[in-house]
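Working through the structure, step by step
Residue-level listing of the chains:
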Amino acid sequence: MFRGITLVAPNTKIPFMAMHKVNLAISACIIVGTVLLLIFKGLNLGIDFKGGILLEVRMPQAADLQAMRSTLGGLGLGEVGLQTFGTDREVLIRLEKQEGGEEAQQAAVAEIRGALGSDVTYERVEVVGPQVSAELFTNGMIAIAAALLAIMVYVWFRFEWQFGVAAIVADLHDVIATIGLFSLLGLDFDLTTVAALLTIAGYSVNDTVVVFDRHRENLRKYKTMPLQQLFDLSINQTLSRTTMTAATALIALVALYIFGGEVLRGFSIAMIWGIVIGTYSSIFIATPPLLYMNVRRITGAQDAQAAEAP
């Protein structure tokens, strides 16, 4: 009889809790490393957050980036970034913010249009001013903080407050680690990245809730089993589901990274890393804090009430 595909053998008994201090230490190093990167290197903020000009153009034939760089560089508009994406006819042009307000930005766009000629098709033209970019950055950070707070409240009401705290620890770990990756590699940090961070937070808590739900079931079923042993049992019981979910998501994301073009490259990298680190945290990081927070076991009348609840 066909029983489906599994990446983890049944009855696996990996002692996750025995190594939880090492895992927590590794995650602490990742977080400290991210903080140091942000202090000494910072983020490579995209046009969304620092202002500037972005043009997506389609050339009539294969683009000669060296010639285009020479032409646009002679306009005196500052540093110009060029890169192809999709096909060799599609070019992404990034231009730093111009001094002189909105009129200067529009004048720069007009100069670029004039320099490239009339045969070029403009798929996208974005001009972001400093005030708008500052508001976008602030709103993006608020969105991430609000999402994490909502996740904690949701898990708190669904389980117990200890589970809410553990879930937010795991989610913060994933978000901070992803920001650290962008700082380390110097990738553009823009609104698309914020969307990826919110998606990562949602994916991570989904995996974490599955593990926590099994913890709750086993806390009712095994009333005298030591917590460390019980948590190991729960994680091993959900390990196949966790790894299969991550594997199927990664297949789609790798395809998006390869074929999605330059515009989706940052989002794809963030999501691939986020799935990996989110799966890691749901297995190794979300549960250990529960060992230190006196998780309550449901017994007697509480068990009967829980069974009768809709």
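Residues numbered from 1 in each chain as written. Predicted model: local features only at pLDDT ≥ 70, side-chain atom pairs only at ≥ 80, totals over all residues. Heavy atoms only, no water.

**Overview of the overall build of the protein chain**
As a reminder of what qualifies: Helix and strand assignments come from DSSP, with helices taken as H or I runs of at least 4 residues and strands as E runs of at least 2, each series counted from the N terminus. To sort residues, take the accessible area from a 1.4 Å probe on protein chains only and compare it with the maximum for the residue type: under 20% means buried, over 50% means exposed, and anything in between is partly exposed. Only heavy atoms enter the contact rule, under which two residues are in contact if any of them lie within 4.5 Å. Computed with a 1.4 Å probe, the accessible areas rest on the Shrake-Rupley method; for each residue, only the protein chains presented here act as cover.
Regarding its fold elements, the protein chain presents 10 helices and six strands. Counting across all 310 residues of the protein chain, residues that qualify as buried make up 41%. Of all intrachain contacts in the protein chain linking residues separated by at least 6 positions in sequence, the fraction that spans at least 24 positions is 76%. If you sum the accessible surface of the protein chain, you get close to 15,900 Å²; carbon and sulfur atoms cover 62% of it.

**A few points about the packing of aromatic side chains**
The test is simple: Planes of paired rings set the category: under 30 degrees apart is stacked, over 60 is edge-to-face and the rest tilted, where pairs are Phe, Tyr or Trp rings (Trp by its six-membered ring) whose centres lie within 6.5 Å.
Under the criterion given, the structure shown has four aromatic pairs. Relative to F284, the ring of F16 has its centre 5.5 Å away and its plane inclined at 70 degrees; by these criteria the two rings are edge-to-face. Pair noted here: F16 is in the segment before α1 (20-40) and F284 is in helix α9 (residues 265-284), with a separation of 268 residues, a long-range link. For the residue pair F16 and F284, the accessibility class agrees, reading buried in each case. Ring pairing ties together the aromatic residues F16, Y280 and F284, which thus form one cluster.

**Quick look at the confidence of the model for the protein chain**
Rules: Every residue gets a pLDDT, meaning the predictor's confidence in that residue, from 0 to 100.
The predicted model of the protein chain has a mean per-residue pLDDT of 79, with 86% of residues at 70 or higher. When the criterion is pLDDT under 50, residues 300-310 qualifies, and its contacts beyond four places in sequence or with other chains add up to six contacts.

**Describing the side chain of S234**
Mapped onto the secondary structure, S234 falls in helix α8 (residues 227-259). You can call S234 buried: its relative accessible area is 0%. Setting aside its immediate chain neighbours within four residues, S234 contacts R214, H215 and N218.

**Here we look at a nonpolar patch on the surface**
Defined as follows: Here a patch means residues that are over 30% exposed by relative accessible area and free of salt bridges, tied together within 9 Å if like-charged and within 5 Å if nonpolar (Val, Leu, Ile, Met, Phe, Trp, Tyr). Here a salt bridge means any side-chain nitrogen of Lys or Arg lying within 4 Å of a carboxyl oxygen belonging to Asp or Glu.
Where nonpolar side chains cluster on the molecular surface, the patch consists of V32, V35, L36, I39 and F40 and spans about 520 Å² of accessible area. Accessibility expressed as a relative area gives 42% for V35, which makes it partly exposed.

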